Amino acid sequence: TRWIMMLRSTLILAGALLLGFVSSFPAVLLAVSCLGAGFAAVFPVILGTVGELYPELTGTAFSVVIVMALTGNTLFNYLVGLISRIRDISYFPYILIFCVVGLLILYSIANRKMDNKRNLN
């Protein structure tokens, strides 16, 4: 699953960078397609990781992940709207990049925990 996250994160970053530097409709369509393909696999991979990390608390762990995802999405939308009102929407790709880097950091922390748990067994 690590390679899936790295591949998908690379797609998200490529889409965000492309979105930040292009203005033609076909290029924007390609950028949004990269973003969609990248984000499509993130949630299932995260749920799988959490399910493996906490098998005895799967329902609770999934609930926590879903609440985190919904809260993060709401805050992300609010932040983008606020920044767009103060500046303009051109900051959106940079906010996306910042969030993907944060996602990768959190995923790396979870993977270290899983590796430690596997080594103890």
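Residues numbered from 1 in each chain as written. Predicted model: local features only at pLDDT ≥ 70, side-chain atom pairs only at ≥ 80, totals over all residues. Heavy atoms only, no water.

Engineer: Tell me about the overall build of the protein chain, and please be specific about residues and values.
Structural biologist: Secondary structure assignment for the protein chain yields 4 helices and 0 strands. Each helix and strand of the protein chain, placed in order from N terminus to C terminus, yields the pattern α-α-α-α. Taken over the C-alpha atoms alone, the protein chain extends approximately 55 × 25 × 20 Å along its principal axes. When the 121 residues of the protein chain are sorted by exposure, 26% land in the buried category. Long-range contacts, defined as pairs at least 24 residues apart, comprise 62% of the intrachain contacts of the protein chain with a sequence gap of at least 6. Carbon and sulfur atoms provide 73% of the accessible area of the protein chain, an area that totals close to 8,000 Å². Counting 8 positive and 4 negative side-chain charges, the protein chain places the averaged centre of each group 4 Å from the other. (Helix = DSSP H or I, 4+ residues; strand = E, 2+ residues; numbered from the N terminus. Buried < 20%, exposed > 50% of the residue type's maximum accessible area, 1.4 Å probe, protein only. Contact = heavy atoms within 4.5 Å. Areas by Shrake-Rupley, 256 points an atom, 1.4 Å probe, with all protein chains shown as cover. Lys, Arg positive; Asp, Glu negative; His and termini not counted. Charge placed at Lys NZ, Arg CZ, Asp CG, Glu CD.)

Engineer: For a nonpolar patch on the surface, give the residues involved together with the corresponding values.
Structural biologist: On the surface, Leu17, Phe21, Tyr91 and Tyr94 cluster together to form a nonpolar patch covering roughly 450 Å² of accessible area. Summarising the element assignment, Leu17 is placed in helix H1 (residues 2–21). (Patch = residues over 30% accessible without salt bridge, like charges linked within 9 Å, V, L, I, M, F, W, Y side chains within 5 Å. Salt bridge = Lys/Arg side-chain N within 4 Å of Asp/Glu carboxyl O.)

Engineer: Describe the environment of Ala37, naming the residues involved and giving the relevant values.
Structural biologist: Tracing the backbone through its elements, the reader meets Ala37 in helix H2 (residues 25–53). Judged by relative accessible area, Ala37 falls into the partly exposed class, the value being 29%. Spatially, the C-alpha atom of Ala37 lies 19 Å from that of Phe76, the residues being 39 residues apart in sequence. Dropping the residues within four chain positions of it, Ala37 is found in contact with Arg8 and Leu11.

Note that all results are geometric; they support no functional claim without further evidence.
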